[in-house]
Amino acid sequence: MCTTISDHAAVSGSGKQGGGWFRVEHAHLAYDHPSHAAFEHALLLDFAGQAGDRPARLAVELSLDSARRLAEALTRTVEAAEAYERKLDEQARAGVG
Amino acid sequence: MRTTDQYEGIIAEITAVPAGGDYVHAYLARPAGPGPYPGMVLFHHRPGWDDWYMETALRFARHGYVTICPDLYCRFGHGTPDDVAASVRAQGDVSDEQVVNDGRACVAYLKALPYLSGKVGLFGTCSGGRHAYLTACRTTEVDAVVDCWGGRVVMAPGDLNDKYPVAPIDLTKDLSCPVLGLFGNEDRSPSPAEVDRHEAELNKHGKTYEFHRYDGAGHGFFYYDRPAAYRAEQAVDGWTKVWDFLARHLG
């Protein structure tokens, strides 16, 4: 590894690869030499899981600036979604909605 | 010097090299002839056992070297090179010990071939440059090593772990052959300051080396398949330095 920057998150959901969906179980992150993007280093984000009996991967290679924008947008969206979920829970407990 | 009426041919294929009770896949490319030819082991870079390394093996073969390029990620499974490299990243990288063992196994494999001259060199770029240098410090069976912009030859103590237990620079006293180093002055890993430290360590131990440093080049300036990294002028000169160095030490 040309850098030692890497991280991992267990995730659950689905990803689409080619024409088919697969179950996503892991998100692997690294900052290292990309395979395709035209940068010396890129934020490498892989969603990995199984498509039937075969390993599957959805890969993106992002510039550091765009990775920061993605992280901020992801955080904003997650916070908005969590607020929405809390509101639904409160309405359910109050018997409205 | 090649002339246009001269026959030449290359034989190239994937083979399996016995390595520590296991096998490692390797691309073997060699001139079509009885030899004897010197040998080269190529250590691929971080993006994996990719087309650039296959094509570079062919290039070495055209220049008269029996060339073997092992898939250093072979034990992590198979798929497209970038998928396998991603799997290696996710599993925390290949260990230095595994790479050195595979490198030494490839040297032994080459030396057993009937068309080999007996001399073998090592070549690598990026992490492969580091691996080539590391291997040259841990065997006495090679005659030359080419380290192209190998990052993390110099390592901070905090970067060492069970997979990288020793910084390659700290093995310099055991380096058993001459080293050619090619570096870009705009590279940040290795930085010019790290190249300086490496050079000082080679001097300290009285090792035979040549370092060439290129202005206007960063990391990976040989990579014609990476337009952002490729520097044609520096690459042409760098390859000339490679052929000259290998001819002197393996010829």
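Position numbers for residues count from 1 along each chain, tracking the sequence in the order it is written. Lettering for chains starts from A, numbering for ligands starts from 1, and both go in the order in which the items are written. With pLDDT at 70 or above as the cut-off, local features in this predicted model cover only qualifying residues; side-chain atom pairs require 80 or more to be listed or tallied, and sums for whole chains, interfaces and linings still use all residues. Only hydrogens and water are set aside; all other atoms, that is, all heavy atoms of the structure, feed into the side-chain values.

Chemist: Sorry, what's going on with the pairing of strand β8 (residues 209-214) of chain B here?
Modeler: If a strand is regular, its side chains alternate between the two faces of the sheet. Residue and element names in this part refer to chain B. By the convention used here, strands pair only if DSSP detects at least 2 bridges between them. Elements are defined by DSSP. Helices are runs of H or I of four residues or more, strands are runs of E of two residues or more, and each kind is numbered from the N terminus. The pairing of strand β7 (residues 179-184) with β8 spans six bridges and is classified as parallel. From the neighbouring strand, Gly181 faces β8, where its bridge partner is Phe211. When the strands point away from the viewer and the connection leading from the first strand across the helix to the second strand turns clockwise, the crossover is called right-handed. In this fold, β7 hands off to helix α5 (residues 192-204), which returns the chain to β8; that crossover is right-handed.

Chemist: Could you clarify how one ought to interpret the sheet that holds β7(B) in this entry?
Modeler: One key point about sheets: their strands pair by backbone hydrogen bonds, in either a parallel or an antiparallel sense. All names here are of chain B. If you trace the eight strands from one edge of the open sheet to the other, you get β1-β2-β4-β3-β5-β6-β7-β8, paired in mixed fashion. With partners counted over all chains shown, the strands left at the sheet margins are β1 (10-19) and β8, one partner each. Pairs of neighbouring strands in the sheet enclose a mean axial angle of 20°, with direction left out of account. Here strand β2 (residues 22-31) pairs with strand β4 (residues 66-70) via four bridges, running antiparallel. Axis definition: a line fitted to C-alpha atoms, over the contacting stretch in the case of helices. Angles run 0 to 180 degrees between N-to-C directions.

Chemist: Teacher, can you tell me more about the side chain of Arg130(B) here?
Modeler: Residue and element names in this part refer to chain B. Relative to the helices and strands, Arg130 is located in helix α4 (residues 127-136). With a relative accessible area of 2%, Arg130 lands in the buried category. Only heavy atoms enter the contact rule, under which two residues are in contact if any of them lie within 4.5 Å. Among residues more than four places away in sequence, those in contact with Arg130 are Asp96, Asp147, Gly150, Gly151, Arg152, Val153, Met155, Tyr164, Val166 and Pro168. Under the scheme applied here, a residue whose accessible area is under 20% of the maximum for its type counts as buried, over 50% as exposed, and between as partly exposed, the area being computed with a 1.4 Å probe on protein chains only.

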